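Fold and geometry: a report
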Amino acid sequence: MVTLAEVAQHAGVSASTVSYVLSGKRSISTTTRQRVEESIRELGYHPNAGARALASNRSNIIALMIPLRTDMYVPVMMEIAIAVATSARTHGYDILLLTGEEGPDAVRRVTGSGLADAMILMDVELDDERLPLLRGTDQPSVLIGLPADTTGLTCVDLDFRATGALCVEHLANLGHRDIAVIGEAPAVYERHTGFAERTLDGLRTRARELELRLLHRPCEGGYDAMAATLARVFDERPGTTGFVVQNESAVEPLLALLRQQGRAVPEDVSVVAVCPEQVATQASVRLTSVAVPAQEMGRHAVEQLVAKLDGRGSDEVVLLAPELTVRASSGPAPVRS
């Protein structure tokens, strides 16, 4: 294992100069810094994490709080987490993954222990219990999600309100007047999870403006739950010709049930989804969809956080504009006799 002294000898400088280059605590000439950095690269030197933390008062670790609940679509959460980890590594940070449903206790554990230099929080609720603690600490943080009150917070998210509006507009332009929304599991709305609530608000507001009839039904996902939900939709609104799905586990059961009922997609019924690109393109009918930009969300969150750690950042809300991709699942509304 290469030591700091060996790096110093290779670069022709003192050990303290190498230490200053690594910590940034003292001004070093550009020529000397470049020589030390070249020696570090050639020798493959990696500073001891504990010693580095003591010297710099930093752990170079970012805590990522991502509660893995049974009612959430875990693959998209993990895709965001991987994007966070990959982006953080390019900035010299590692990720501490906290997956428990600890709420405020997890925030207290991180801020009180020095486990990490900063935090990224996911699965954000409109009135999230973690927010007062974030506002009361000097430790930098970024939310991937949007609470009701963003004062004193930095947030990154897809603009889910605009996403809902975009889905409604697409179906309205195709002539659909009765639209059903197959939503997330009921518990997601009971927690007032931000992305689900904001999508629904966008759907309802735009439907009202366009004078469309819109029905929202939460669904646990899976075949049996989707069958019961679909039966209820057609019982309450027999003329429904447009569906918006924000529930990845309900996509294939919905398409299968529509086929069994003799309802062709998109000739009789159109389906638009809010989901990862992979879900849309691999469905039995390629879905018109608004993609969840997991990679972009993770990267933006890390960039905002690193800027804060470097003293360059400020509290702001970054909303990524939704993009709707038209595929095989949406078409003109059927002509009623």
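Residue numbers here run from 1 along each chain, matching the order of that chain's written sequence. Only residues with pLDDT of at least 70 are given local features in this predicted model, and only at 80 or more are side-chain atom pairs given and counted; all residues enter the totals for whole chains, interfaces and linings. Excluded from the side-chain calculations are hydrogens and water; all other atoms, namely the structure's heavy atoms, are used.

In the nomenclature of an unreviewed UniProt entry, the chain is known as LacI family DNA-binding transcriptional regulator of Streptomyces lancefieldiae.

1. Topic: helix H5 (residues 74–90)
Each helix corresponds to a stretch of at least 4 residues labelled H or I by DSSP, and each strand to a stretch of at least 2 residues labelled E; elements are numbered beginning at the N terminus. Here a helix's expected span is defined as the number of its residues, less one, multiplied by 1.5 Å. Counted at 1.5 Å a residue, the expected span for H5 with its 17 residues is 24 Å, and the 25 Å between its end C-alpha atoms agrees. Whether a residue is buried, partly exposed or exposed follows from its accessible area with a 1.4 Å probe, protein chains only, as a fraction of its type maximum: under 20%, in between, or over 50%, in that order. Looking at H5, one finds that the buried residues are Val76, Met77, Ile80, Ala81, Ala83, Val84, Ser87 and Ala88. Along the axis of H5, the buried positions cluster into a sector of 160°, meaning they face one direction only. Set apart from the buried face of H5 by more than 90 degrees, the exposed residues are Ile82 and Thr90. Positioned one or two residues after H5, glycine 92 has a phi angle of 85°, which is positive. Note: the arc covers the axis-to-C-beta directions of the helix.

2. Brief notes about the pattern of salt bridges
The term salt bridge refers to a side-chain nitrogen of Lys or Arg lying within 4 Å of a carboxyl oxygen of Asp or Glu. Applying the stated rule across the entire model yields 19 salt bridges. For glutamate 125, the salt bridge identified is with arginine 69, shortest N-O distance 3.8 Å. You can see glutamate 125 sitting in the loop between strand S3 (118–121) and helix H7 (131–135) and its partner arginine 69 sitting in the loop between strand S1 (61–65) and H5, a full 56 residues away along the chain. Summarising the burial analysis for this pair, glutamate 125 and arginine 69 share the class buried. Glutamate 277 is paired through a salt bridge with arginine 327; the nearest N and O atoms lie 2.6 Å apart.

3. Brief notes about helix H1 (residues 4–11)
For H1, the full list of buried residues reads Val7, Ala8 and Ala11. Viewed end-on, H1 has its buried residues packed into an arc of 100°, placing them on one side of the element.

4. Some details on the environment of arginine 327
In this fold, arginine 327 is placed in the segment after strand S12 (324–325). In the structure, arginine 327 is positioned 140 residues away from alanine 187 in sequence and 31 Å away in space, judged by C-alpha atoms. Ignoring sequence-local partners within four residues, the contact set of arginine 327 consists of Glu277, Ala280, Thr281, Arg286, Leu287, Thr288 and Ser289. There is a polar contact of 2.8 Å between the side chain of arginine 327 and the backbone oxygen of leucine 287. Pairs of residues are marked as contacts when any of their non-hydrogen atoms sit within 4.5 Å. Here a polar contact is recorded for every N or O atom pair within 3.5 Å, except that within protein the pair must consist of a potential hydrogen donor and a potential acceptor, and residues adjacent in sequence are included only if both atoms are side-chain atoms.

5. Some details on the pairing of S3
Alternating positions in S3 separate into two faces, Ala118 and Ile120 on one and Met119 and Leu121 on the other, with burial throughout. Across four bridges, the pairing between S1 and S3 is parallel. Counterpart to methionine 65 in the pairing with S3 is leucine 121. At least two DSSP bridges between two strands are needed for those strands to be called paired. Both S3 and strand S4 (residues 141–144) contribute to a ladder of three bridges, which runs parallel. Bridge pairing in S4 links isoleucine 120 to valine 142.

6. A look at the sheet that holds S3
Strand pairing in a sheet is mediated by backbone hydrogen bonds. Such pairs are either parallel or antiparallel. Overall, parallel pairing links the six strands, which are arranged S2-S1-S3-S4-S5-S11 in an open sheet. The open sheet has two edge strands with one neighbour each: strand S2 (94–98) and strand S11 (317–320). On average, each strand axis in the sheet is tilted by 20° relative to the strand beside it, whichever way the strands run. Here, axes are lines fitted to C-alpha atoms. For helices the fit covers the stretch in contact, and angles between N-to-C directions go from 0 to 180 degrees. Where H5 meets the sheet, its contacts fall on S1, S2, S3 and S4, and the angle it forms with S2 comes to roughly 155°.

7. Description of the packing of aromatic side chains
Any pair of Phe, Tyr and Trp rings, taking the six-membered ring for Trp, is counted once the centres come within 6.5 Å. Such a pair is stacked with planes under 30 degrees apart, edge-to-face with planes over 60 apart, and tilted for the rest. Across all of its chains, the model carries two aromatic pairs by this definition. Here phenylalanine 160 and phenylalanine 195 contribute two aromatic rings whose centre-to-centre distance is 5.7 Å and whose plane-to-plane angle is 55°, an arrangement assigned as tilted. Linking phenylalanine 160 in helix H8 (residues 160–173) with phenylalanine 195 in helix H10 (residues 194–209), this pair joins segments that are 35 residues apart in sequence. The class of phenylalanine 160 is buried, set by a relative accessible area of 7%. A relative accessible area of 18% means that phenylalanine 195 is categorised as buried.

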